[in-house]
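# Geometric and topological summary
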Amino acid sequence: MRGKKGIAILVGLAALIIAAVLYIQSTCPPKPQADEIMFRVQLDLKEDIGLLVMDHSVDGHEGGGGVSNADRSLIRHDDVLYWNFHKSDYEGLGDTVTLKMRFRIVTEYCDPNFDNIYPEELVRYLEPITLTADFGRCYPITITGDRVNGYDAVLN
């Protein structure tokens, strides 16, 4: 009987340790690798949104992408999202690049598509952000506003 209690206590302690490690990892913000530029996008909106799309240029290399929830739920109005640019995705870049970004908010959920084309009545365009960015750094951006009055993206 005593052996079973000891095993139960050890299993319980192991479960607590694992839970603590997972909790600590989930609350620590990610850090960019030396070959990536990271953006920490803090939403401070008045309502939840369907998708967040970003068109970008990295030293003249054009691209785009978007974020949505896999379960088709809305992105919460106060979520923190991370966006990474990896040096290996572009040819001939130095350690510092000129990065131009333009966010688009899709106000209702739409199935994501490769072309990032969504119904115009649901799309709100934000003013572009241009910066000189260094690989290995994280840059914070805050997006504020609502679908009626418009949205703003600010590099903090």
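Coordinates for the structure precede this section.
So, here is what we can say about the structure in this document. Not measured: the values here are computed from a predicted model.

It is worth spelling out the overall build of the protein at this point. Helix and strand counts for the protein stand at 1 helix and 9 strands. Its helices and strands in sequence order give the protein the pattern α-β-β-β-β-β-β-β-β-β, from N to C terminus. For the protein, with 156 residues in total, the buried portion stands at 33%. A separation of at least 24 residues holds for 72% of the contacts in the protein among residues at least 6 apart in sequence. Looking at the protein as shown, the accessible area adds up to about 9700 Å², and 55% of this sits on carbon and sulfur atoms.

Once that is clear, we can look at the pattern of salt bridges. Oppositely charged side chains can pair when the atoms bearing their charge come close. Going through the model one piece at a time under the given rule, you end up with 5 salt bridges. Asp 146 serves as the salt-bridge partner of Lys 46, at 3.7 Å between the closest nitrogen and oxygen. Taken together, the residues Lys 46 in the loop between strand 1 (36-45) and strand 2 (51-58) and Asp 146 in strand 8 (residues 138-146) connect sequence positions 100 residues apart. Overall, the relative accessible area of 7% leaves Asp 146 in the buried class. Where Asp 78 meets Arg 76, a salt bridge forms, and the shortest distance between an N and an O atom there is 3.5 Å. Among the residues examined, Asp 78 registers a relative accessible area of 38% and is labelled partly exposed.

A few words on the side chain of Thr 142. Mapped onto the fold, Thr 142 is located in strand 8. A polar atom in the side chain of Thr 142 sits 2.7 Å from the side chain of Asn 156. Beyond its immediate stretch of four places on either side in the chain, Thr 142 contacts Gln 42, Asp 44, Asp 152, Ala 153, Val 154 and Asn 156.

A positive phi angle, close to 70 degrees, is found at Arg 72, a residue other than glycine. In this structure, Arg 72 sits in the loop between strand 3 (61-67) and strand 4 (80-86). A positive phi angle, near 55 degrees, is found at Asn 116, a position not held by glycine. Its place among the elements puts Asn 116 in the loop between strand 5 (96-106) and strand 6 (123-125).

Working note: regular strand, side chains alternate between the two faces of the sheet. Of the two faces of strand 4, only one is covered, namely that formed by Leu 81, Trp 83 and Phe 85; the face formed by Val 80, Tyr 82, Asn 84 and His 86 stays uncovered. Bridging between strand 1 and strand 4 involves 7 bridges; their strand directions are antiparallel. Along strand 4, the bridge assignment pairs Ile 37 with Phe 85.

In this section: the sheet that holds strand 4. Taken together, the 4 strands give an open sheet; going across it, the order is 4-1-8-9, and neighbouring strands pair in mixed fashion. A strand with exactly one partner marks an edge of an open sheet, and here the two such strands are strand 4 and strand 9 (150-155). The mean angle between the axes of side-by-side strands here comes to 20 degrees, regardless of whether they run parallel or antiparallel.

This next bit is on the packing of aromatic side chains. If you walk through the whole model with that rule in mind, you get 3 aromatic pairs. Note on Phe 39 and Tyr 139: the rings are 5.7 Å apart at their centroids and 35 degrees apart in plane angle, and the pair reads as tilted. Here the residue Phe 39 occupies a position in strand 1, and Tyr 139 occupies one in strand 8, the gap between them amounting to 100 residues. The same class applies to Phe 39 and to Tyr 139, which are both buried. Note on Trp 83 and Phe 103: the rings are 6.1 Å apart at their centroids and 75 degrees apart in plane angle, and the pair reads as edge-to-face. Placement of Trp 83 in strand 4 and of Phe 103 in strand 5 is noted, with a sequence separation of 20 residues between them. Grouping residues by exposure puts Trp 83 and Phe 103 together as buried.

Quick notes on the rules
Residues numbered from 1 in each chain as written. Predicted model: local features only at pLDDT ≥ 70, side-chain atom pairs only at ≥ 80, totals over all residues. Heavy atoms only, no water. Helix = DSSP H or I, 4+ residues; strand = E, 2+ residues; numbered from the N terminus. Buried < 20%, exposed > 50% of the residue type's maximum accessible area, 1.4 Å probe, protein only. Contact = heavy atoms within 4.5 Å. Areas by Shrake-Rupley, 256 points an atom, 1.4 Å probe, with all protein chains shown as cover. Salt bridge = Lys/Arg side-chain N within 4 Å of Asp/Glu carboxyl O. Polar contact = N/O pair within 3.5 Å; in protein donor to acceptor, adjacent residues only side chain to side chain. Pairing = 2+ DSSP bridges. Axes fitted to C-alpha atoms, helices over the stretch in contact; angles between N-to-C directions. Phe/Tyr/Trp six-rings, centres within 6.5 Å; stacked < 30°, edge-to-face > 60°.

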